[in-house]
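Residue-level structural notes
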Amino acid sequence: MTVSSPPRVLTVAGSDSGGGAGIQADLKTMLALGVHGMSVIAAVTAQNSVGVQGYWELPPEAVRAQLGSVLGDIGVQAVKTGMLASPVLVETVSEVLAGVGAPVVVDPVGVSKHGDALLAPEAVETVKARLLPVATVVTPNLWEVSQLTGVKVESEADLRKAADAILELGPAWALIKGGHLPGAPTDLLTDGTREFRFTAERHDNRHTHGTGCTLASAIASHLALGEDVPSAVEKAKEYVTGAIARGFPLGGGIGPVDHAWRWRG
Ligand SMILES: Nc1ncnc2c1ncn2[C@@H]1O[C@H](COP(=O)(O)OP(=O)(O)OP(=O)(O)O)[C@@H](O)[C@H]1O
Ligand SMILES: Cc1ncc(CO)c(N)n1
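Note that the structure is predicted; figures quoted are calculated from it, not measured.

Concerning the site of ligand 1
Taken together, 16 residues form the shell around ligand 1, and within it Asn141, Lys177, His180, Asp187 and Thr211 come nearest. Here an oxygen atom of ligand 1 and a side-chain polar atom of asparagine 141 are 2.9 Å apart. Backbone polar atom of histidine 203 to a nitrogen atom of ligand 1: 3.0 Å apart, as the coordinates give it. In isolation ligand 1 offers 630 Å² of accessible surface; the protein chains occlude 94% of this area. Broken down by secondary-structure element, the contributors of at least two residues to the shell around ligand 1 are helix H7 (211–224) and helix H8 (229–245). Per-element accounting of the shell around ligand 1 gives the leading share, three residues, to H7. Considered class by class, the residues forming the shell around ligand 1 number three nonpolar, seven polar and six charged.

Section: the site of ligand 2
All residues adjacent to ligand 2 are Gly14, Ser15, Ala21, Gly22, Thr45, Gln47, Met83, Val109, Ser112, Leu118, His209 and Cys213. Within the side chain of glutamine 47, one N or O atom sits 2.8 Å away from a nitrogen atom of ligand 2. Summarising the interface, the protein chains cover 93% of the accessible area of ligand 2, which totals 290 Å² for the free molecule. Looking at the shell around ligand 2, the elements that each hand over two or more residues are strand E1 (8–16) and strand E2 (36–48). Its residues assigned to classes, the shell around ligand 2 comprises five nonpolar, seven polar and no charged.

Some remarks on the environment of aspartate 16
Turning to its location among the elements, aspartate 16 is positioned in strand E1. Those residues in contact with aspartate 16, other than ones at most four positions away along the chain, are Ala21, Gly22, Gln24, Thr45, Gln47 and His209. Here glycine 18 takes part through its backbone nitrogen, which lies 2.7 Å from a polar atom of the side chain of aspartate 16.

Re the side chain of aspartate 187
Looking at where aspartate 187 falls in the secondary structure, it is placed in strand E8 (residues 186–190). We classify aspartate 187 as buried; its relative accessible area is 5%. Among the polar contacts made by the side chain of aspartate 187, one reaches the main-chain amide nitrogen of glycine 178 at a distance of 3.2 Å. For aspartate 187, the side chain forms a polar contact with the side chain of lysine 237, separated by 3.2 Å. Aspartate 187 has contacts with Leu175, Ile176, Lys177, Gly178, Gly179, Phe196, Arg197, Phe198, Leu215 and Lys237, leaving out every residue within four places of it along the chain.

A few points about the packing of aromatic side chains
Throughout the structure, instances matching the rule amount to three aromatic pairs. A centroid spacing of 6.3 Å and a plane angle of 40 degrees characterise the contact between tryptophan 173 and phenylalanine 196, whose relative ring orientation is tilted. Taken together, the residues span a long stretch of sequence, with tryptophan 173 in strand E7 (residues 173–177) and phenylalanine 196 in strand E9 (residues 195–199) at a distance of 23 residues. The buried category is assigned to tryptophan 173, whose relative accessible area is 7%. Phenylalanine 196 gets classed as partly exposed once you look at its relative accessible area, which sits at 28%. Taken together, a centroid distance of 6.3 Å and an interplanar angle of 15 degrees make the contact between phenylalanine 196 and phenylalanine 198 stacked. Relative accessible area serves as the criterion here: at 11%, phenylalanine 198 is assigned to the buried category. Cluster of aromatic residues (ring-pair linked, three or more members): Trp173, Phe196 and Phe198.

Quick word on helix H6 (residues 159–167)
Among all positions of H6, only Leu159, Ala162, Ala163, Ala165, Ile166 and Leu167 are buried. The elements touched by buried residues of H6 are strand E6 (137–138), helix H5 (142–149), E7, E8 and E9.

A look at the nonpolar core
If you look at the biggest cluster of nonpolar residues, it comprises 42 residues, and the most contacted ones within it are Leu10, Val12, Val76, Val79 and Ile176. Considering each element in turn, this core owes the most residues, six residues, to H6. Contact partners of valine 12, with chain neighbours within four places excluded, come to Val40, Leu67, Val79, Lys80, Thr81, Gly82, Leu84 and Val93. Among the nonpolar cores identified, the runner-up in size contains 28 residues, and Ala32, Val35, Leu175 and Ala243 belong to it.

Section: the UniProt feature "domain: Pyridoxamine kinase/Phosphomethylpyrimidine kinase" (unreviewed entry) in the chain
Per the UniProt annotation, the sites labelled "domain: Pyridoxamine kinase/Phosphomethylpyrimidine kinase" (unreviewed entry) are residues 16–258. The span residues 16–258 shows a helical share of 38% and a strand share of 19%, and its end C-alpha atoms are spaced 15 Å apart.

A short note on the pairing of E9
Sheet topology places E8 next to E9; five bridges connect them, and they run antiparallel. Among the inter-strand pairings, threonine 190 is bridged to a residue of E9, identified as glutamate 195. If you look at the hairpin formed by E8 and E9, you'll find four residues sitting between the two strands, and glycine 192 has a positive phi there, around 100 degrees.

Definitions and limits used
Residues numbered from 1 in each chain as written. Chains lettered and ligands numbered in written order. Predicted model: local features only at pLDDT ≥ 70, side-chain atom pairs only at ≥ 80, totals over all residues. Heavy atoms only, no water. Near = heavy atom within 4 Å. Polar contact = N/O pair within 3.5 Å; in protein donor to acceptor, adjacent residues only side chain to side chain. Areas by Shrake-Rupley, 256 points an atom, 1.4 Å probe, with all protein chains shown as cover. Helix = DSSP H or I, 4+ residues; strand = E, 2+ residues; numbered from the N terminus. Nonpolar A, V, L, I, M, F, W, Y, C, P; charged D, E, K, R; others polar. Contact = heavy atoms within 4.5 Å. Buried < 20%, exposed > 50% of the residue type's maximum accessible area, 1.4 Å probe, protein only. Phe/Tyr/Trp six-rings, centres within 6.5 Å; stacked < 30°, edge-to-face > 60°. Core = buried A, V, L, I, M, F, W, Y, C linked by side-chain atoms within 4.5 Å. UniProt positions renumbered as here; feature names shortened; annotations may be inferred. Pairing = 2+ DSSP bridges.

This is the structure in structure tokens:
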């Protein structure tokens, strides 16, 4: 019997030892959405529910070799990037992804939920100049918007201005995550011509570790399954909202979202 293969999705990101964000969140999301998840590890964090205790970058040749192994043999239908830590790693990953021939979802990770830095300040310029131009969709939160463009979003009315400033840096689509604004969490998606607003119910649950990684990986998974960008974002938002609703306590701080919520009934 020949079994057909599911679509293949690659995450290029950092490892979260606590299992709630980073590579671990990405692979769990991919499993839950029915694609084959693969990982290129750019950095390893010592991390738990209370913060990031330290991180170590991999040498650029190790990242390049992992990318070569996956792309040279298995191939991908979509890629997601997360924590890339340093200018040289952002540069290495951007160079390879420029020729990947599949949609690339960039989560421009700057800090963790606890405010711990996951990107060197001197790498911000490389993200803007090299990574964003190869992105199909870039998914900044409001803090990342301000880091990348200087635009401060104070209300939902500012979301489009933020998206336009991000689009100037070269991605095909910008998804501005308004989850940190008060009220129902609304994200704005635009390619400069079409505009979509996705609003979900707010879950007042403090256990939201990994929301950003989960959303971006879910978008990549739905793109690999054949959806277009607006419908991949709509489905991904539905998935992350359910995962936030079921986020559970773990350790003494912020627990993770529940990647398996659809299986729990
Ligand atoms: N309390 C909440 N209830 C429902 N949805 C939320 C809530 N908080 C955020 N969201 C949504 O979750 C998704 C991820 O957004 P968020 O702004 O939390 O990402 P992030 O800050 O990048 O996360 P991370 O800390 O993992 O990097 C967005 O669709 C956002 O609107
Ligand atoms: C490794 C890693 N990537 C991304 C995030 C985003 O919150 C995190 N906390 N840790």
